[in-house]
Every structure is written in structure tokens, then in C-alpha cells.
Amino acid sequence: GKDFAICFYDEELEASVNRERDIVEALSAIAADRKTDNHLFLQYQPILSLKTGRICGFEALARLKTAKLGLVSPVEFIPIAEKTKFILPLGEKVIVKAFCFLNKLKELGYDEIGVSINISIIQLLNPTFANRLFTLIKEMEVNPENVAIELTESVFASDYDSINNVIAHLRKAGIQIAIDDFGTGYSSLAREKELKVDCMKIDKYFIDKLLGVDPHNAITSDIISISHKLGHCTIAEGVEHDLQLEYLKEHDCDRIQGYLISKPLDEDDAIKFLERNCTPTRSNEKDGTDHN
Ligand code: C2E
Ligand code: MG
Ligand code: MG
Ligand code: MG
């Protein structure tokens, strides 16, 4: 009866409070560099250009894994990192790891492959964010044109002017800005012209609709054509089926990402995937004598 229900609820609540506490503990240890070697790591999902037929980049996706917690999805730990502000040190570690990956690609002769990094509003509103990013770019000798930053539309719901200033500053340095999950959030097609950015990542929601009944199909093609009119490139996310790929090709979408191409991969597998699917633009000089 009632007592049982209340008791059951408490147990569930306690379990979720404990799990959140364990995640906070793990994030705090990572932030403080306490014996957390690979607790935070990145997977990389290839992005295919439909214009060139080549892999043109990867999206870096954060993962948390500890003995106690197992593998934790970013859907679960990023909001906790944002709430506790651990997203600031964690976000910087994500950037450093993604830049190390870019440098490995460069060493293998892939000069033109980019990496796309998800950045939270908390990071973007941190006054030191842009300068810290520029410093890392310089120190790690990364080409800023190979760096893209993904922001969700909700970012623009907060301090619109300061957000736009940061974005303008980043773009002036050659960094690309992409709007993630476009079409699902705060802004819309009607407001797209106010967004001074480079790319629209069309949310999986619309890509899924391509498999359904006909009338919905128009929305994806509208997003693509309006984006092109405004000078924005388009990336379809969550592409899983050939039917979606055919539609996207036919309607001039620039790039696709999704399980049809590949799931997110560990770093070594991402490099193997690239070597299997994409010849380097520059010959691999790793074994040359210039360093000896
Ligand atoms: P997102 O940026 O929209 O990333 C795309 C998500 O869709 C990823 O989930 C990816 O694994 C998944 N996905 C890609 N292709 C397919 C597909 O064909 N089918 C299906 N069903 N799913 C697909 P993931 O890795 O769990 O990441 C979830 C979200 O967590 C990301 O959504 C992003 O918003 C956030 N996130 C991940 N890494 C970071 C990070 O380093 N910093 C911040 N602030 N957020 C991050
Ligand atoms: Mg993203
Ligand atoms: Mg996305
Ligand atoms: Mg998404």
C-alpha cells in the first residue's frame, strides 16, 4: 500500500542522490588531477563531406569512466559539471585532448581534418575563455581553421550581446562556430539570420523525420536552403540509413554525421578509420630523417 510506495520512492531517491554525489566526486578528482589518468576521455565521430566525398573532420565527445561508476554518458555528467562549475577545468581538458588529437592527425599528413568541440554556455560566458583558447592554440601549434566550436541554440537565450562578442572574436581568429541541435531550441528559421555563425547542425529529430511520412520532409530541405541563403553550411546529425543520405545529397546538404558513417570511436580507432577511408593530403613524414 502507501507505506511501501513511500519506502520505494525513498530508496530510488537515495540511489540517485548517491550516484550524483559519486559523479561530483569523480569530476572533482579530475579537476584536481588526482589519480584519474583516463577517467575523462574523448571519443571521435567522423564527419563526411558530401561535397568532396571525403572525411572532413571529427566531433569530439566526452566520456567519463571510473571503476565505481562504469561508463557515464555526457547526457548525465555534463549537466552536473555545469551545476558544480567543474565544467570549467573539465572543458579545458577536453580542449587540450582534442588539440593533441589534431596534432596526431597533422603528424600523419591530415592537415585539413578539423575537430569540433562542444562548449557549454558556462565556458563561453567565462571572461577568460577566448584568450585561454587562443593561448592553447598558440602553445600547441594548432591551426585555428581546424577548430570548430559547437554551441546549442539555448546559448543565445542568455546574454545575447556578450555571447555575440565572444563569437565574433573567435571567428576573427579563424575558429568556426556551429549551432548544435539546430531547430529544436530557442531560435528558429525566422531568427537564423541573427546568428553570425558558420554552420548549422540539423538536429537528429528532423533527420529521423526523413524516414516517416512525406510532409515532414520539407522541413529539412527548408533548413538547408535557408541556411545556404544566409551563408551557413549544413551538417546533418544522426544519419543512420541510406534513405536519409540519399535525401540529404539530393537536397544539397554539405556534411553528414551518424552511425551510417561511424559511431563515435576511441582515438586509435578514429585514426585507423581515417587511414582506411581517407588518403592524407600531405605525405606522411613521420618516418623521415628531419627530426634526427
Ligand atoms: P551532441 O553534440 O548533439 O552530440 C551528438 C550525440 O548524438 C552524441 O551523443 C552521439 O554519440 C550521438 N549520435 C551520433 N550519431 C548518432 C546516430 O546516428 N544515432 C544516434 N542514435 N545517436 C547518434 P553523446 O556522445 O552521448 O553526447 C551527448 C551530448 O553531450 C552531445 O550532444 C553534447 O551536447 C554533449 N557533450 C558531449 N561531449 C561534450 C563536451 O565535451 N562538452 C560539452 N559541453 N558537452 C558535451
Ligand atoms: Mg555536438
Ligand atoms: Mg548535436
Ligand atoms: Mg543532438
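Since we're looking at a predicted model, the values are computed, not measured. (Residues numbered from 1 in each chain as written. Chains lettered and ligands numbered in written order. Predicted model: local features only at pLDDT ≥ 70, side-chain atom pairs only at ≥ 80, totals over all residues. Heavy atoms only, no water.)

**Q** An account of the coordination of the magnesium ion (ligand 3) is requested, with residue identities and associated values reported.
**A** Distances from the magnesium ion (ligand 3) to its protein donors, D180 (OD), D181 (OD) and E237 (OE), fall at 1.9 to 2.6 Å. Sequence positions of the donors to the magnesium ion (ligand 3) reduce to the motif D-D-x55-E. The distance between the magnesium ion (ligand 3) and the magnesium ion (ligand 2) comes to 3.7 Å, and D180 binds to both of them. A residue pair is termed long-range when its members are at least 10 positions apart, and D181 in strand β6 (residues 176-182) and E237 in the loop between β8 (233-236) and α9 (242-250) qualify at 56 residues. Using a relative accessible area of 26% as the deciding quantity, one classes D181 as partly exposed. Judged by its relative accessible area of 11%, E237 is buried. (Donors = N, O, S within 2.8 Å, 3.2 Å for Na, K, Ca; no water. Helix = DSSP H or I, 4+ residues; strand = E, 2+ residues; numbered from the N terminus. Buried < 20%, exposed > 50% of the residue type's maximum accessible area, 1.4 Å probe, protein only.)

**Q** Which residues make up the pairing of β8, and what values do they have?
**A** Neither face of β8 is open: one carries C233 and I235, the other T234 and A236, and all of them are buried. Pairing geometry for strand β7 (residues 199-202) and β8, over four bridges, is parallel. Bridging across to β8, M200 finds its partner in T234. In this sheet, strand β9 (residues 255-256) lies alongside β8 in parallel orientation, the contact comprising two bridges. Directly across from I235, in β9, lies its bridge partner R255. The parallel pair β8 and β9, bridged by α9, forms a crossover whose chirality is right-handed. (Pairing = 2+ DSSP bridges. Right-handed = clockwise from strand over helix to strand, strands pointing away.)

**Q** How would you summarise the environment of I113 if you had to cite specific residues and measurements?
**A** For I113, the location among the structural elements is in the loop between α3 (87-107) and β4 (114-118). Among the residues examined, I113 registers a relative accessible area of 4% and is labelled buried. For I113, the residues in contact, after removing those within four places along its chain, are I55, C56, G57, F58, L102, L105, N146 and L274. (Contact = heavy atoms within 4.5 Å.)

**Q** Break down the state of the cysteines for me, citing the residues and quoting the values.
**A** Disulfides are covalent bonds that link the sulfur atoms of two cysteine residues. Summed over the entire model, instances satisfying the criterion amount to one disulfide. Here C199 engages in a disulfide with C233; their sulfurs sit 2.4 Å apart. Of note, the bridge from C199 to C233 carries an S-S torsion of about 80° and is right-handed in sense. On the criterion of sequence distance, the pair formed by C199 in strand β7 and C233 in strand β8 is long-range, its members being 34 residues apart. Look at C199 and you get buried, because its relative accessible area is 3%. In this model C253 remains outside any disulfide bridge; the closest cysteine sulfur is found in C233, 8.2 Å from its own. C56 supplies the cysteine sulfur nearest to C278, a cysteine that is in no disulfide, at a spacing of 9.1 Å. (Disulfide = S-S within 2.5 Å.)

**Q** Which residues make up α3, and what values do they have?
**A** Helix length check: α3, at 21 residues, gives a terminal C-alpha distance of 30 Å against a target of 30 Å (1.5 Å per residue), a fit within 8%. In the segment just after α3, G109 is the residue with positive phi, at about 95°. (Expected span 1.5 Å × (residues − 1).)

**Q** Describe the coordination of the magnesium ion (ligand 2), with residues and values.
**A** Within the protein, E59 (OE), N118 (OD1), E150 (OE) and D180 (OD) serve as the donor atoms for the magnesium ion (ligand 2), at 2.0 to 2.2 Å. One chain supplies every donor for the magnesium ion (ligand 2), spaced along it as E-x58-N-x31-E-x29-D.

**Q** Now, about the nonpolar core: what can you tell me, with residues and values included?
**A** Of all hydrophobic cores here, the largest spans 78 residues; its most connected members are F99, L170 and L248. Residues in contact with F99, not counting those within four places in the same chain, are I117, L133, L136, I137, M140, V142 and V147. With five residues, the next largest nonpolar core counts I47, A178, C199 and C233 among its residues. (Core = buried A, V, L, I, M, F, W, Y, C linked by side-chain atoms within 4.5 Å.)

**Q** Give a detailed account of the side chain of S221, specifying residues and quantitative values.
**A** With respect to the helices and strands, the residue S221 is situated in helix α8 (residues 217-229). The class of S221 is buried, set by a relative accessible area of 18%. Setting aside residues up to four positions removed in sequence, S221 forms contacts with Y247 and H251.

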